[in-house]
Amino acid sequence: MLINRCIFIIVLLLPTFAFAQREKEQTRSDVNLNDGAQLASQMNDSRLLAIAYYQLGHFYSDRNLFREAIASYEKSKDGFERAGLTRDEVYVLADLGALYFIQEDYKKARECSERSLHISEGTSGVPAGAFPDDFGKARALLTLGDLDTHDGNYDQAVQKLQNSLALYGRLNGSGSSYDLYIAGVYGALGRAYPEMGDSISGLVYLNKALDIAEHHSDKRLTASLRNDIGYLYLEQEDYAQASAQFSESLKIYEAENNKRECGRELLNLGVTEQRRSNYDDALRYFRRSIESATITGALDIQIAAYEGIGVVLSAKKDFPGATEVLNRGLTIAKNTSNKTRQTELLWRLAQVNYETGNYAQSITLAESAVDLARASHLPKLTYLTLTTLGESYAAQRKYDLAVETLKQAVRQLEALRDQVAGSDIETQLFLEDKVAPYYLLADLLIQRDKPFEAITYAERAKGRVLLDVLSEDRSHLTGVLTPGEKERRQRLNRNISEVNEEIRKAEVNKSATLDSLYLRLDTARLEAQSFQDALFTAHPKTRIRSGHTDMLDRLEIESLALDRDCAYLEYVVSKDHVSLFVLTKGKSTDKLKLNFYPLSATPNELAQKVDRFHDRLANQHPDYPDDARDLYSLLVAPAADILKGVDTLCIIPDGFLWNLPFQALMSSSDRFLLGDHAISYLPSLSVFREMSRNESNRRNANSLIAFGNPVIGKDEQGKADLCPLPEAENEVGSIAKTARVETQKVFIGRDASEKTFKTLAPSFSLIHLATHGVLDNRNPLYSHLLLTRTEGDVENDGLLEAREIMDMKLDADLAVLSACDTANGRIAPGEGVMGMSWAFFVAGTRSMLVSQWKVNSSSTSQLMVNFYQQSDILRHKSGSTNARALRAAALQLMKDDRYSHPFFWAGFVLIGVNQTQ
């Protein structure tokens, strides 16, 4: 959702005058400067009067007294005009244009800036001014570029800003006198490009500007740029990064008592909390923002804050209140001719009318919003307004219009995907809340009896980032970093490692400082991720090119190498419905059959049932059979007839269904689903296609590397659940004897180090890790496996984190994570589970055997030994698969009375390509 747009802050940076030293000016009082102006007036010296008022204007602007500054600069301009010093008017008018822009008087800002350029073109033979003409021209072009960005004329904005940059560069020569001006232009370009859908270029320019600002210790410019970077992250849905940037900016402005900019940061923090659904916090921020904006006359901040309050009230179902406050903001936006804000507010009002069932009015408002978004070249708003318009058409049963409109929305969204700045995580976060048009399209196409087209759109909403990663041969980040980038990256990782070490000690000692340490850890992680994003942006060949992968169509689906003995069950959880598609191939023909089943339970009802069932199994609760039967009847029984005689079920879950151990569901005859079928899981059919394509490129067939019972530090041993694992050592030893591979390496105890894993694992086709797994619920990509640490090496602190695995280049057919919670993480709409297994897939692993809860060490070791033994037995049979091996291993384990409860045998799931090693 788009709420906030920046009023593009122009930091007024004035160079040293030929007629005055800036240092002295900064120490003068308002009274002394006024005395100078009065003296010049008494002497009837227009030039001295102009200089005095210019100095006074600088004094005021430096203290954010912009109205007083404008009045002084106007008098300075008049003085230079009377003195016939036309070339001095060039830079005075340019500065005036910037000040009027800050005050949101856009008409006068444009008039002054254009007048400055006009005068600069006709100054031949006129005495030189205090500054070169190019200085005033560059300043005027910067303001005009910001004005074009504000008006939605982005191509023109970029052209003017690049011209400004060239002028400043020429003035700078080989020195650095104009560095801060150049930073100002970089910042303006960094604000313009994201509005064109090019966040990559935006982040490049903003980081360049921030480097200059911090090098020169310019706090005001640093604050402005952090706001801009925060806004970019906000639009990419990375709220943690956005909040961190806005908070840093707010600290600087509060220290300066800059109420205007404090109001902006409060607004942006309100938007961030609103998008996180922290509505009460958001309202407090918005109301404080309005107070500041009213005092300082910042109309755009007022409009945005009214919009934010309207969104919150709508989320709280206070639709009359939302309508009233949104219309209040719309009135101001129309009065100030702010087309972008008008578009946003019309879209918001369309959403309110949709929620209240007033679909005709919703369509009228959404159509107006779409027209404005397109006319103003606002790609994200175009996608959002089209989505609301499509939903409203569908609600009025205008299905043809709805389908076409939603297809336009999807095309616009997928065009935006390619321009998300930063790492794979940023792309995932950007796409996370944007599955609605895909799933609504699937619903509509089902209603029109077009199941194949419906499943193609459901597929386009699943595993999108992972699909792009798998389909690209991109450069590895570590191979392209400069020495300076490597050093800074190591330093940031060292910060994380050092705080982790302090936390470990504090947890053992039950220290009261834990809360503050976790805050430090969050800060260190955010700083590291921000730098990582900058690296991916600075080295384009390392980025995924989102949206360049061919999407599945009917012919692609029919040509997939689907196993004849397997049924593919793809679930789709939309806003109001849960649907099931079942794909099968006949045993005697390649003809593909697609069946569709609308399921009876609502998403909310089903989510509660799934959570309860998962919790009961994970805690060895004896009272689970009723839930197992209930969920079977809802999710599998509708397709029971077509599944008869099918050997393997490949489940493609969606949303909360990733938490469901399908293998433990029970039919009405009290048979576990695993008793009738081998079971595996896939992120999507599209991901399956890419993994299958990559199968022929594998280099390291038939090799095993295994790690077991690493040496755990004394701090970890202080925790009861992180004790040494002798069973894991036995497990790895047994596997080494069982696995029939050409090459194997086994590391136990002290030798099972993180450093060894990072060095050797990329060369093996089969990876086995028998150790402790630690799930980080706050940030799953910091979930980790415990290995032996290398003393004094911050890169190998014994915590093999998911984010570190993503940075590797693995070549494994199967990775077995014989540890707790390795299948878990944050369930991201569309993408699946973001955590350890996702990280291994990103690194290049084709399939994973991972756990859905905290597993028992003894039963897990036995299950793993069974799995490898069954893999070897099945290897010589046609159609052998990992899923069959896992099924046989689990059935063998449950025969032991100690391990008959599903807690012991149902916790491990196979995700990815289902092929025996």
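Preceding this paragraph is the structure being described.
Remember, it's a predicted structure, so these values are computed and weren't measured experimentally.

Student: What's the story with the packing of helix α28 (residues 603-618) against helix α29 (residues 625-635) in this structure? I'm lost.
Tutor: Each pair of packed helices gets described by two things: the angle between the helix axes and the distance between those axes. With their axes 10 Å apart at the nearest point, α28 and α29 run at an angle of 140° to one another. Comparing the axis directions of α28 and α29 gives the class oblique. Between α28 and α29 the crossing geometry is left-handed. Mapping the contact onto sequence places L606, K609, V610, R612, F613 and R616 in α28 and D627, A628, D630, L631, L634 and L635 in α29. In terms of residue class, the contact of α28 with α29 is built from 7 nonpolar, no polar and 5 charged.

Student: Would you mind showing me how to read the packing of aromatic side chains here?
Tutor: Per the stated rule, a full pass over the model turns up 23 aromatic pairs. Centre to centre, the rings of Y571 and F662 are 5.5 Å apart; their planes meet at 35°, and the pair counts as tilted. One end of the pair, Y571, is in strand β1 (residues 566-573); the other, F662, is in the loop between β4 (648-652) and α31 (673-676), with 91 residues separating them in the sequence. On the numbers, 5.2 Å between centres and 55° between planes, the contact of Y899 with F904 is tilted. F904 matches Y899 in its accessibility class, with the two residues each being buried. An aromatic cluster is present here, built from Y54, Y73, F80 and Y91 joined pairwise through their rings. Over the ring of F59 we find R63; its NZ or CZ atom is 3.9 Å from the centre of that ring.

Student: Help me understand the state of the cysteines, please; the structure alone is not making it clear to me.
Tutor: Two cysteines joined by a covalent bond between their sulfur atoms form a disulfide. Counting across every chain of the model gives 0 disulfides. Cysteine C566 shares no disulfide, and the gap to the nearest cysteine sulfur, in C650, comes to 5.2 Å.

Student: When you look at the sheet that holds strand β10 (residues 784-786) in this model, what are you seeing that I'm missing?
Tutor: Whether parallel or antiparallel, the strands of a sheet pair through hydrogen bonds between backbone atoms. If you walk across this open sheet you meet the 3 strands as β9-β10-β11, and the pairing is antiparallel. Two strands lie at the open edges of the sheet, namely β9 (773-774) and β11 (799-801), each paired on one side alone. Judged from the 3 bridges that link them, β10 and β11 form a sheet pairing that is antiparallel. Looking across to β11, one finds that H784 is bridged to E801.

Student: Whenever I open this one, helix α39 (residues 882-894) confuses me. Can you help?
Tutor: Between its first and last C-alpha atoms α39 spans 18 Å; for 13 residues at 1.5 Å apiece the expected length is 18 Å, and the two agree. Along α39, the residues classified as buried are N882, A883, R884, A885, L886, A889, A890 and L893.

Student: How should the side chain of T143 be read in this particular structure?
Tutor: Tracing the backbone through its elements, the reader meets T143 in helix α7 (residues 133-151). We classify T143 as buried; its relative accessible area is 0%. Setting aside chain neighbours within four positions, we find T143 in contact with A94, G97, A98, F101, A109 and S113.

Student: What is the right way to look at the packing of helix α15 (residues 299-315) against helix α17 (residues 339-355) in this model?
Tutor: At their nearest, the axes of α15 and α17 sit 11 Å apart, and the two run at 15° to each other. As summarised for this structure, α15 and α17 are arranged roughly parallel, according to the angle between their axes. For the pair α15 and α17, the crossing hand works out as left-handed. Touching D300, I303, A304, E307, V311 and S314 of α15 are R341, E344, L345, R348 and V352, all from α17. Residue classes in the contact of α15 with α17 are distributed as 5 nonpolar, 1 polar and 5 charged.

Cut-offs and rules
Residues numbered from 1 in each chain as written. Predicted model: local features only at pLDDT ≥ 70, side-chain atom pairs only at ≥ 80, totals over all residues. Heavy atoms only, no water. Axes fitted to C-alpha atoms, helices over the stretch in contact; angles between N-to-C directions. Helix = DSSP H or I, 4+ residues; strand = E, 2+ residues; numbered from the N terminus. Parallel < 35°, antiparallel > 145°, perpendicular 65-115°, else oblique. Left-handed = near helix turned anticlockwise from the far one by under 90°. Contact = heavy atoms within 4.5 Å. Nonpolar A, V, L, I, M, F, W, Y, C, P; charged D, E, K, R; others polar. Phe/Tyr/Trp six-rings, centres within 6.5 Å; stacked < 30°, edge-to-face > 60°. Buried < 20%, exposed > 50% of the residue type's maximum accessible area, 1.4 Å probe, protein only. Lys NZ or Arg CZ within 6 Å of the ring centre and 35° of its normal. Disulfide = S-S within 2.5 Å. Pairing = 2+ DSSP bridges. Expected span 1.5 Å × (residues − 1).

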